[in-house]
Amino acid sequence: MAVMDAPPARTGSAGLIARLRAKLAGGSSEASLTRRLAGTIFVIRVISAGLAYASQVLLARWMGTSDYGIYVYVWTWVLLLGSMMDFGISASAQKIIPEYRASGAHALLRGFLSGSRWLTFAVSTLVSLGLAGIVKLLSPWIDPAEVLPLYIGCMTLPAFVVANTQDGISRSHDWMQLGLMPQFIIRQALIIGITALAFLLGYHLGAVAAMVASLGAVWIAMAGQMVVLNRKLADHITPGPKAYDVRGWLAVSLPILLVESFYLLLSYTDVLVLQQFRPSDEVGVYFAVVKTLALVSFIHYAMSATTAHRFAEYNASGDKARLSAYVAHAISWTFWPSLAATIVLLALGKPLLWLFGPQFTIGYDIMFVAAIGLVVRAAIGPVERLLNMLGEQKICALAYALAFVMNLVLCIALVPRYGGHGAAAATSISLTFETVLLFWIVRQRLGLHVLAFGR
């Protein structure tokens, strides 16, 4: 089966419009489906970014600087720990589920669909209790105003982790809206709604109240997602016995967890190092630059989330030609939209930074330095997902680890002297190194060409 859609043979402006429509929405092939699903994910992430920005502005105004700072500190810990406490199962689900389907291992499939959620819930609950114990032990040295919000953050983690796991299961069935909307849209809207209601009713909206609202939002969104997911699975999976291969799940998941962990470290290194060496106002300007360019990374995220389980499916079926064509399609639809978005953002950079405040426009030239790494990285598309889905998790984790170490060393060397420009340069150099390394790994291990241009 051909993966790429054939464009209609027309000329002129009408033909151009027809071809554009065909590429963006037409056809019934995997390529067309992938573009539609990736577009859905991209729209969800953009709306989520707008809601997140609005919620942060409102909370900062309602809570005051001190309480808002405590809330951001605790919520950041929830985001970081919650993203890692599923042990990579949310990502490995996109490899395990297609392989079980392809091999006809229905008992193992049914076992994974339920057992993976129970496993992540049980483990995250135990870890959260341990973290609460650590907070208790360290409470004499912790700001008293932070202690209760940290406890509430621990209570939030199990639901956060289960929601991530359900996201991976949903993506594996092409249910992108079910996977992403509860976390990125519904949860943000609930946080805004609950805190706004408390504010209008005259309650003191401090860090504790904001964390309680976030706790409620996470649990409500996860529970609603679970109800809908269970109903959809009941319609698609025939009842029968269940088998559990926990050891096999973890063997696939833990190396992927390393990849995800090093990716998070790579994402935060520039800002964290900048905070250590430069004034807070410079950190704020750099953060505004990063947030402005986030639209480019949303494209990569959308394509990664859409394609991962198909990489595993085509590999499990042994259809190498189909896999190669689909990889080429995914890379092309990552790079060229990313390049276009980068050009638009750079052209509108000053007005966009001005929205944060007139003083933020001094970061405009940093955008050009930071954009280099994003464009270079987009040139090979979601190949980290390709490696993870085809059993090359360990070497992929090694590549990310080397890129993280390079970024850390370069940031420490460049940031003290060059500030935000140094941080952006360090990250772009590290992303370029990572891109070259991943390109070489895929070429050597899988024999695939993974560049958006050339052969």
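Residues numbered from 1 in each chain as written. Predicted model: local features only at pLDDT ≥ 70, side-chain atom pairs only at ≥ 80, totals over all residues. Heavy atoms only, no water.

As named in an unreviewed UniProt entry, the protein chain is Flippase, taken from Bradyrhizobium agreste. Of the comments in the UniProt record for the protein chain, the one headed Subcellular location (unreviewed entry) reads "Cell membrane". (UniProt positions renumbered as here; feature names shortened; annotations may be inferred.)

Of all hydrophobic cores here, the largest spans 53 residues; its most connected members are Phe 112, Phe 311, Val 327, Leu 386, Leu 438 and Val 450. Considering every element that reaches this core, the biggest residue donor is helix H16 (residues 393-446), with nine residues. The residues touching Leu 386, leaving out its near neighbours within four places in the chain, are Phe 311, Leu 323, Val 327, Val 442, Leu 446, Leu 448 and Val 450. If you look at the next biggest cluster of nonpolar residues, it comprises 30 residues, including Met 63, Ala 159, Ala 198 and Met 222. (Core = buried A, V, L, I, M, F, W, Y, C linked by side-chain atoms within 4.5 Å. Buried < 20%, exposed > 50% of the residue type's maximum accessible area, 1.4 Å probe, protein only. Helix = DSSP H or I, 4+ residues; strand = E, 2+ residues; numbered from the N terminus. Contact = heavy atoms within 4.5 Å.)

Moving on to a nonpolar patch on the surface. Together, Ile 134, Leu 137, Leu 138 and Trp 141 line one region of the surface with nonpolar side chains, adding up to about 500 Å² of accessible area. When you line up the elements, Leu 138 lands in helix H5 (residues 106-138). (Patch = residues over 30% accessible without salt bridge, like charges linked within 9 Å, V, L, I, M, F, W, Y side chains within 5 Å. Areas by Shrake-Rupley, 256 points an atom, 1.4 Å probe, with all protein chains shown as cover. Salt bridge = Lys/Arg side-chain N within 4 Å of Asp/Glu carboxyl O.)

Turning next to the packing of aromatic side chains. Two aromatic rings are characterised by how far apart their centres lie and by the angle between their planes. The final tally for this structure, using the stated rule, is eight aromatic pairs. Considering the side-chain rings of Tyr 71 and Trp 75, the 6.4 Å spacing of their centres and the 5° angle between planes classify their relative orientation as stacked. Taken as a pair, Tyr 71 and Trp 75 lie in helix H3 (residues 65-84) at a separation of four residues, close to a single helical turn. Its relative accessible area of 1% is what places Tyr 71 among the buried residues. Ring centres of Tyr 364 and Phe 368 lie 5.2 Å apart, and the angle between their planes is 80°; on these two criteria the pair is classed as edge-to-face. With Tyr 364 and Phe 368 both in helix H14 (residues 364-378) and four residues apart, this pair spans about one turn of that helix. Residue Phe 368 is classed as partly exposed on the basis of its relative accessible area of 39%. In this structure an aromatic cluster arises from ring pairing among Phe 112, Tyr 244 and Trp 249. (Phe/Tyr/Trp six-rings, centres within 6.5 Å; stacked < 30°, edge-to-face > 60°.)

Enumeration according to the criterion identifies five salt bridges in this entry. Across the salt bridge formed by Glu 99 and Lys 95, the nearest N and O atoms sit 2.7 Å from each other. Within this pair, Glu 99 and its partner Lys 95 are both found in helix H4 (residues 89-103), separated by four residues, close to a single helical turn. Judged by its relative accessible area of 27%, Glu 99 falls in the partly exposed class. Between Arg 377 and Glu 384 there is a salt bridge, with its nearest N and O atoms 2.6 Å apart.

Moving on to the confidence of the model for the protein chain. Detailed conclusions should not be drawn from predicted coordinates in areas where pLDDT is low. Confidence along the protein chain averages 83 in pLDDT terms, with 88% of residues attaining 70 or more. Per-residue pLDDT stays below 50 along residues 1-21; that stretch engages in 24 contacts with residues further than four places along the chain or on separate chains. Of the regions scoring below 50 in pLDDT, residues 23-28 engages in 13 contacts with residues more than four places distant in sequence or in other chains. (pLDDT = per-residue confidence, 0-100.)

Compared with the 42 Å implied by 1.5 Å per residue over 29 residues, the 44 Å span of helix H6 (residues 144-172) between its first and last C-alpha is a close match. Along H6, the helix axis deviates most sharply at Thr 156, where the bend reaches about 30°; the proline Pro 158 sits within four residues downstream. Across the 29 residues of H6, 24 count as buried, placing the element largely inside the fold. Where H6 ends, the next residue or the one after it, Asp 174, has phi of about 65°, a positive value. (Expected span 1.5 Å × (residues − 1). Bend = angle between axes of the 7 residues up to and from the residue.)

Packing of helix H7 (residues 176-200) against helix H11 (residues 294-316) leaves a shortest axis separation of 12 Å and a crossing angle of 140°. Classed by the angle they form, the pair H7 and H11 counts as oblique. Crossing angle aside, the handedness with which H7 passes H11 is right-handed. Of the residues in H11, those in contact with Met 176, Leu 180 and Phe 184 of H7 are Tyr 301, Ala 305, Thr 306 and His 309. Taken together, the residues of the contact of H7 with H11 sort by class into five nonpolar, two polar and no charged. (Axes fitted to C-alpha atoms, helices over the stretch in contact; angles between N-to-C directions. Parallel < 35°, antiparallel > 145°, perpendicular 65-115°, else oblique. Left-handed = near helix turned anticlockwise from the far one by under 90°. Nonpolar A, V, L, I, M, F, W, Y, C, P; charged D, E, K, R; others polar.)

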